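Each chain is listed here by its residues.
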Amino acid sequence: MIFETIATSGHEEVVFCHNKEAGLKAIIAIHNTVLGPALGGLRMWPYQSEAEAINDVLRLSRGMTYKNAVAGLNLGGGKAVIIGDPAKDKSEALFRAFGRFVNSLNGRYITAEDVGIDVNDMEWVFRETEFVTGVHQVHGGSGDPSPFTAYGTMQGLMAALNARFGSENVGKYSYAVQGAGHVGMEFIKLLREHGAKVFVTDINPDLVRRAVDEHGCTAVGTDEIYDVDADVYSPCALGGTVNEATLPRLKCKIICGAANNQLATDAIGDEVEKRGILYAPDYAVNAGGVMNVSLEIDGYNRERAMRMMRTIYHNVGRIFQIAKRDRIPTYKAADRMAEERIIAIGKLKLPHMGHNGPRFLGRMRGH
Ligand code: NAD
């Protein structure tokens with residue numbers, strides 16, 4: 001069963017990591033290393049079953065292959081999960097045991113932070129392996145990626161404005177920003193620096209107040225955000241917010257934000273396209289975080305990071321071109337761009353792979 005699943009999703013390797021004394025139950029999934037070592041975060045979550053954990057790690061690692069490929073990185077896709085409750089089950093031994101497994105892969109998988117993991121946990125992992133990013137700045141790490149993600153989102157936005165309106169003048173348009181957290185607040189700040197009209201919502205009233213008081217935004221209710229008459233809807237909170245219930249309410253011309261998995265389903269992505277709304281694919285737009293940590297591999301440098309963020313403009317623009325060329329919705333064009341790059345570079349490295357076509361990337365959607 002597991003081999004069948006892995007064959008279908010196109011994974012190269014799935015490692016089950018167990019250490020009884022440390023209480024470690026982890027899975028590392030390496031999806032594709034054609035472009036380079038598999039980079040992707042470590043998630044800690046109290047999964048209800050092993051099957052749920054396996055599904056999650058397979059889905060997320062495959063998503064990283066696409067994200068890293070579209071971002072233009074020389075990195076493949078991977079991900080790891082620890083089955084456990086981040087509020088109760090963390091220990092030095094747990095993370096060091098995990099670090100030893102990462103190390104045993106000799107650099108084929110490089111880990112980073114994800115849901116449930118913070119920079120202190122990474123310090124323990126770092127004691128056992130050098131194949132880790134997202135460590136503290138004192139160890140040459142890149143620190144909080146959120147401002148970079150926000151800046152990258154801005155680049156994706158400009159590409160979308162250009163494609164939809166023929167103008168990149170951010171300040172000319174209005175925005176409905178959902179979520180004023182780490183990325184959202186930085187993004188709002190940048191929008192306001194351009195003089196844009198910004199509507200904001202968050203379930204945390206303190207953050208909404210800050211966005212209003214410090215940045216001059218207009219507050220709206222958490223459900224009202226879908227009815228706002230703004231040019232751009234910018235999801236910067238949770239995934240799945242573009243769905244059957246919300247899409248008919250959206251008045252925007254563009255969807256562009258930092259949240260992961262914005263489209264609830266592929267069918268919704270098709271419907272977005274039919275309604276003439278330009279969707280800037282989430283994983284291309286929000287690649288700033290992964291770009292930033294990727295630079296730790298060769299020695300982090302802020303200037304290089306900012307330069308790299310600006311490539312998001314071109315990546316998103318290229319996705320729109322592919323969508324036009326192949327007459328497909330933009331969410332599909334993003335996947336196609338990733339597959340084309342992996343195949344082209346794969347041919348250089350392994351000429352015999354050419355005849356396989358995109359199928360070798362598997363058939364499991366979701367990032
Ligand atoms: P965060 O937790 O700091 O911010 C999310 C904000 O959304 C919080 O303030 C939360 O109160 C708010 N929120 C939650 N549910 C909401 C709702 N129903 N309505 C309105 N607001 C709601 O997280 P973040 O780091 O800012 O990340 C935001 C999104 O961007 C996430 O989807 C994340 O996966 C994605 N992302 C973040 C980065 C990064 O660098 N931090 C990189 C890539 C993608």
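What you see is a predicted model, and the numbers here were worked out from it, not measured in a lab.

Colleague: An account of the overall build of the chain is needed here, citing residue identities and associated values.
Modeller: Secondary structure assignment for the chain yields 12 helices and 12 strands. Expected size for 367 residues packed as a compact globule is a radius of gyration near 21 Å; at 20 Å, the chain falls within 12% of this value. Reported as C-alpha extents along the three principal axes, the dimensions of the chain are approximately 55 × 50 × 40 Å. Within the chain, the fraction of its 367 residues that count as buried is 54%. Surface accessibility of the chain: about 16,200 Å² in total, with carbon and sulfur atoms responsible for 50%. Both charge centroids of the chain, one from 41 positive and one from 43 negative side chains, sit 6 Å from each other.

Colleague: Lay out the pairing of strand β7 (residues 174-178) in plain terms, naming residues and giving numbers.
Modeller: Within β7, 5 of the 5 residues are buried, which leaves the element mostly enclosed by the surrounding structure. Judged by which residues are buried, β7 turns out to be covered on both faces: Ser-174, Ala-176 and Gln-178 on one side and Tyr-175 and Val-177 on the other are all buried. The pairing of β7 with strand β8 (residues 197-201) spans 5 bridges and is parallel. Each bridged residue has a counterpart across the sheet, and for Tyr-175 the counterpart in β8 is Val-198. In terms of handedness, the path from β7 via helix α6 (residues 182-193) over to β8 forms a crossover that is right-handed. Inspection of the sheet shows β7 paired to strand β10 (residues 232-235) by 4 bridges, in the parallel sense. Paired with Ala-176 across the bridge in β10 is Tyr-233.

Colleague: So what's going on with the pattern of salt bridges? Which residues, and what values?
Modeller: Overall, the coordinates contain 22 salt bridges when judged by the stated rule. Among the ionic pairs, Arg-43 bridges to Asp-114, the shortest N-O distance being 2.6 Å. Taken together, the residues Arg-43 in strand β4 (residues 42-45) and Asp-114 in the loop between β6 (109-110) and α4 (119-128) connect sequence positions 71 residues apart. When its relative accessible area of 17% is taken as the criterion, Arg-43 is described as buried. Residues Arg-304 and Asp-298 are paired through a salt bridge, measuring 4.0 Å at the closest nitrogen-oxygen approach. Here Arg-304 falls in the partly exposed class, since its relative accessible area comes to 39%. Among the charged side chains, a salt-bridge network with shared partners connects Arg-43, Asp-56, Arg-59, Lys-79 and Asp-114.

Colleague: Can you lay out the site of the ligand for me, pointing to particular residues and giving the numbers?
Modeller: Near the ligand, the surroundings consist of 17 residues, among which Thr-149, His-182, Val-183, Asp-202 and Ala-237 are the closest. With respect to the ligand, the backbone of Val-183 contributes an N or O atom lying 2.8 Å from an oxygen atom. Measuring from a nitrogen atom of the ligand, one finds a backbone N or O atom of Ile-203 at 3.5 Å. When contributions to the shell around the ligand are tallied by element, the ones reaching two or more residues are α5 (146-165) and α6. Residue classes in the shell around the ligand are distributed as 9 nonpolar, 7 polar and 1 charged.

Colleague: How would you explain the pairing of β4 if you had to name every residue and give the values?
Modeller: Regular strands show a simple pattern: their side chains alternate between the two faces of the sheet. Strand direction decides the pairing type here: β4 and strand β5 (residues 76-83), joined by 4 bridges, are parallel. For Met-44, the partnering residue across the bridge sits in β5 and is Ile-82. Following the chain from β4 across helix α2 (residues 50-70) to the adjacent parallel β5, one finds a crossover that is right-handed.

Colleague: How would you summarise the environment of Gly-76 if you had to cite specific residues and measurements?
Modeller: Its location among the elements puts Gly-76 in strand β5. Owing to a relative accessible area of 3%, Gly-76 belongs among the buried residues under this scheme. C-alpha of Gly-76 to C-alpha of Ile-30: the two residues are 46 residues apart in sequence and 8.2 Å apart in space. Among residues more than four places away in sequence, those in contact with Gly-76 are Asn-32, Thr-33, Gly-36, Pro-37, Ala-38, Leu-39, Met-64, Thr-65 and Asn-68.

Colleague: Describe helix α11 (residues 302-326), naming the residues involved and giving the relevant values.
Modeller: Its 25 residues give α11 an end-to-end C-alpha distance of 37 Å, which sits within 8% of 36 Å, the value for a rise of 1.5 Å per residue. Taken residue by residue, α11 has Ala-305, Met-306, Met-309, Ile-312, Asn-315, Val-316, Ile-319, Phe-320, Ile-322 and Ala-323 as its buried positions. In this fold, the buried residues of α11 make contact with α2, α5, β12 (278-279), α9 (282-285), α10 (288-294) and α12 (330-349). Its side-chain oxygen 2.8 Å from the backbone nitrogen of Glu-303, Asn-301 forms the N-cap of α11. Backbone geometry just downstream of α11 places Arg-327 in the positive-phi region, at approximately 50°.

Conventions we followed
- Residues numbered from 1 in each chain as written.
- Predicted model: local features only at pLDDT ≥ 70, side-chain atom pairs only at ≥ 80, totals over all residues.
- Heavy atoms only, no water.
- Helix = DSSP H or I, 4+ residues; strand = E, 2+ residues; numbered from the N terminus.
- Rg over C-alpha atoms; globule rule 2.2 N^0.38 Å.
- Buried < 20%, exposed > 50% of the residue type's maximum accessible area, 1.4 Å probe, protein only.
- Areas by Shrake-Rupley, 256 points an atom, 1.4 Å probe, with all protein chains shown as cover.
- Lys, Arg positive; Asp, Glu negative; His and termini not counted.
- Charge placed at Lys NZ, Arg CZ, Asp CG, Glu CD.
- Pairing = 2+ DSSP bridges.
- Right-handed = clockwise from strand over helix to strand, strands pointing away.
- Salt bridge = Lys/Arg side-chain N within 4 Å of Asp/Glu carboxyl O.
- Near = heavy atom within 4 Å.
- Polar contact = N/O pair within 3.5 Å; in protein donor to acceptor, adjacent residues only side chain to side chain.
- Nonpolar A, V, L, I, M, F, W, Y, C, P; charged D, E, K, R; others polar.
- Contact = heavy atoms within 4.5 Å.
- Expected span 1.5 Å × (residues − 1).

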